[in-house]
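One-letter residues, chain by chain:
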Amino acid sequence: MGSAALDLSKTEAFLKGVRIPFVSPSATEFGVLSKTFMHSPEQPTGIAQPGTAEEVATIIKHCIAEKVPFVVRTGGHDVTKSTLVANVLSINLRKLDHVQVSADKKTARVGGGILSGALLEALAPHGLEVPTAAVPSVGWLSCATMAGYTLMSPSMGLCCDSLLGAKVVDAKGEIVEASERMMKGIRGGGGNFGVIVEFTVKVHPLLEAQSGAIMYESSDPQRSWSSFLTKFQELMTKEKMPHCLSILPSLIAVPNMGPAVFAVFYWRGARDDAFQYWLKKAGSLGQAVVDLDKAVVTQSALTFTKGFEALLPPKMYGAIHSSCGSELTPEAIEVFGKYGAAMPPAGGSSINFHVLREGTPSCGKPSDFPDSVFGARRPHWMCEFIGGSGAGEEQGAEAAQWAKEIRDALAKTGAVTKFGYAATTSKEFAVVEDVFGENAAELRALKKEFDPDNVFRCTVPLMD
Ligand SMILES: Cc1cc2nc3c(=O)[nH]c(=O)nc-3n(C[C@H](O)[C@H](O)[C@H](O)COP(=O)(O)OP(=O)(O)OC[C@H]3O[C@@H](n4cnc5c(N)ncnc54)[C@H](O)[C@@H]3O)c2cc1C
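In this text the structure is predicted, and so the values were computed from the model without any measurement.

Trainee: Now, about the packing of aromatic side chains: what can you tell me, with residues and values included?
Mentor: Across all of its chains, the model carries 17 aromatic pairs by this definition. One aromatic cluster is present, built from ring pairs that chain together Tyr216, Trp225, Phe228, Phe232, Phe336, Phe353, Trp381 and Phe385. Its end group placed over the ring of Phe369, Arg377 keeps NZ or CZ at 4.1 Å from the ring centre. A cation over a ring is seen here: Arg407 above Phe429, with NZ or CZ 3.5 Å from the ring centre.

Trainee: Could you give an account of the environment of Val56, with specific residues and numbers?
Mentor: You can see Val56 is positioned in helix α3 (residues 53-66). Sequence separation between Val56 and Gln276 is 220 residues; the distance between their C-alpha atoms is 50 Å. Leaving out residues up to four positions away in the same chain, Val56 has contacts with Pro50, Leu93, Leu96, Val169, Val195 and Val197.

Trainee: Please give an account of the sheet that holds strand β17 (residues 350-356) that cites residues and values.
Mentor: A sheet is described by the order of its strands in space; here seven strands give the open sequence β15-β12-β14-β13-β17-β18-β16, paired in antiparallel fashion. On the outer flanks of this sheet lie β15 (296-298) and β16 (317-325), each paired with one strand and no other. In this sheet, neighbouring strand axes are inclined to one another by 15° on average, regardless of whether the strands run parallel or antiparallel. Where strand β13 (residues 245-254) meets strand β14 (residues 258-267), ten bridges bridge the pair, whose relative direction is antiparallel. Looking at the pairing, Leu248 lines up with Val264 of β14. Strands in contact with helix α8 (residues 221-238) are β13, β14 and β17; relative to β13, the strand with the most contacts, it is inclined by about 170°.

Trainee: Describe the site of the ligand, with residues and values.
Mentor: Near the ligand lie 31 residues; those nearest to it are Thr74, Ser142, Tyr149, Tyr421 and Thr459. Contact distances for the ligand include 2.9 Å between an oxygen atom and a backbone N or O atom of Gly75. Between the ligand and Gly139 there is a distance of 2.9 Å, counted from an oxygen atom to a backbone nitrogen or oxygen. Of all the elements in the fold, those that place two or more residues in the shell around the ligand are β3 (70-73), α5 (140-146) and β10 (195-202). By residue number, the principal contributor to the shell around the ligand is α5, which donates four residues. Its residues assigned to classes, the shell around the ligand shows 16 nonpolar, 13 polar and two charged.

Trainee: Please provide a residue-by-residue account of the pattern of salt bridges, values included.
Mentor: Enumeration according to the criterion identifies 21 salt bridges in this entry. Residue Arg223 pairs with Glu217 through a salt bridge whose shortest N-O separation is 3.8 Å. On the accessibility criterion, Arg223 (47% relative accessible area) is partly exposed. Among the ionic pairs, Asp408 bridges to Lys404, the shortest N-O distance being 2.9 Å. In this pair, Asp408 and Lys404 are both assigned in helix α13 (residues 393-411), four residues apart and thus about one turn of the helix distant. Within the structure, one salt-bridge network assembled from shared partners comprises Arg181, Lys184, Glu442 and Glu449.

Conventions used here
- Residues numbered from 1 in each chain as written.
- Predicted model: local features only at pLDDT ≥ 70, side-chain atom pairs only at ≥ 80, totals over all residues.
- Heavy atoms only, no water.
- Phe/Tyr/Trp six-rings, centres within 6.5 Å; stacked < 30°, edge-to-face > 60°.
- Lys NZ or Arg CZ within 6 Å of the ring centre and 35° of its normal.
- Helix = DSSP H or I, 4+ residues; strand = E, 2+ residues; numbered from the N terminus.
- Contact = heavy atoms within 4.5 Å.
- Pairing = 2+ DSSP bridges.
- Axes fitted to C-alpha atoms, helices over the stretch in contact; angles between N-to-C directions.
- Near = heavy atom within 4 Å.
- Polar contact = N/O pair within 3.5 Å; in protein donor to acceptor, adjacent residues only side chain to side chain.
- Nonpolar A, V, L, I, M, F, W, Y, C, P; charged D, E, K, R; others polar.
- Salt bridge = Lys/Arg side-chain N within 4 Å of Asp/Glu carboxyl O.
- Buried < 20%, exposed > 50% of the residue type's maximum accessible area, 1.4 Å probe, protein only.

This is how it looks when you write it as structure tokens:
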């Protein structure tokens, strides 16, 4: 966005005239409405709070006509920092949070501004659920438009594949039902095609679930983490894990202790013999220092993700980077071990894996998924390096440097793939061709088709 201070007085007067709330920086609610997960000194010049699709369309038409730069915001969890900019109008969609379940209980129509936790809460009384992000305050839709890796993905697929349709305020400011072509872009291409004011999502029966984090002995983090990842790779290669199971490796900086190895364990089903078998398997990936039966308990995904969120600092200084690879080679594991042990110990930093497993619903050949520009469809791991601190700028900068170093070191091993994950690729590395690989040309073609003037330019992924 331009560096000259943006004057929104005309926009404020316009919004007042059409009775759409405008919040200026001097208003008490500005702090809450402009809150983002990643700390940024860059703040919007004002916030518009539409309550209906028509109001969103009115705002977009005004922004186009008056050349007002804008960003769209829901949960505020953009970790790429692409949309954490100054001199913009922020369009806050949080009031668009309705949920209407279909009569056959197979789909739901949902407001585009809903948070992940609120969607789970609204579906639960109907005995339904959807795959959902690791923390409940992430905007469900934005996560889904990037791909949406979740603990439930081995059984329910990536979030983007649950997106069946969308009502969009397009690049002319018109409210349209997304065509199949536009849906292809929306499933992976983020906010590039318009403001999604409502979407139709496939819903799944809400089943009993077991979840928790298993902690392992980590007094020598390099050795423990490398050994854990080696055994994890063996497990992935040699055993056929059931679709109801997720085991995801994490290395987390625990205050006063340093980096500690964890496995996030999620089982969509009852505590039966199969569950006990896999819990024991997960426990044997290292020297578990917790009672497995107490660490992994019967709880809903919502309760588990709420517990996880409570461990995060309210404001994260630093940066997040990520890498993807098809398997954990010995060379990659060596890098993970070395840089894992060097993780800033103060708390806030972590390494978190997501996995797209062979044979699970969203995995296959890219050509098996012609309705989506998200092209990373072969089995792979996606790993986030959270170089963060809740303590302040200085600690955040040190942690960010560490996260970049491990990303760069992995890139040199040849163990990483040509694609990345748009939602976790910091804007300094956000080159469409690198992130989308062979689907980049199609994403660019779709962008040209639906937003030739780049009206939705300040979004994730950046297309410039
Ligand atoms: C703590 C944390 C946990 C996470 N967990 C996961 C996870 O488990 N799996 C995963 O895949 N990702 C995860 N992510 C990444 C997350 O999915 C993305 O950062 C996502 O973009 C956040 O959406 P938001 O609405 O919260 O953020 P915002 O910053 O509000 O939105 C990000 C961008 O999305 C676009 N956007 C938002 N809403 C709309 C809309 N209705 N229409 C059009 N465009 C829109 C806008 O361009 C906006 O700038 C996590 C991130 C964090 C910080």
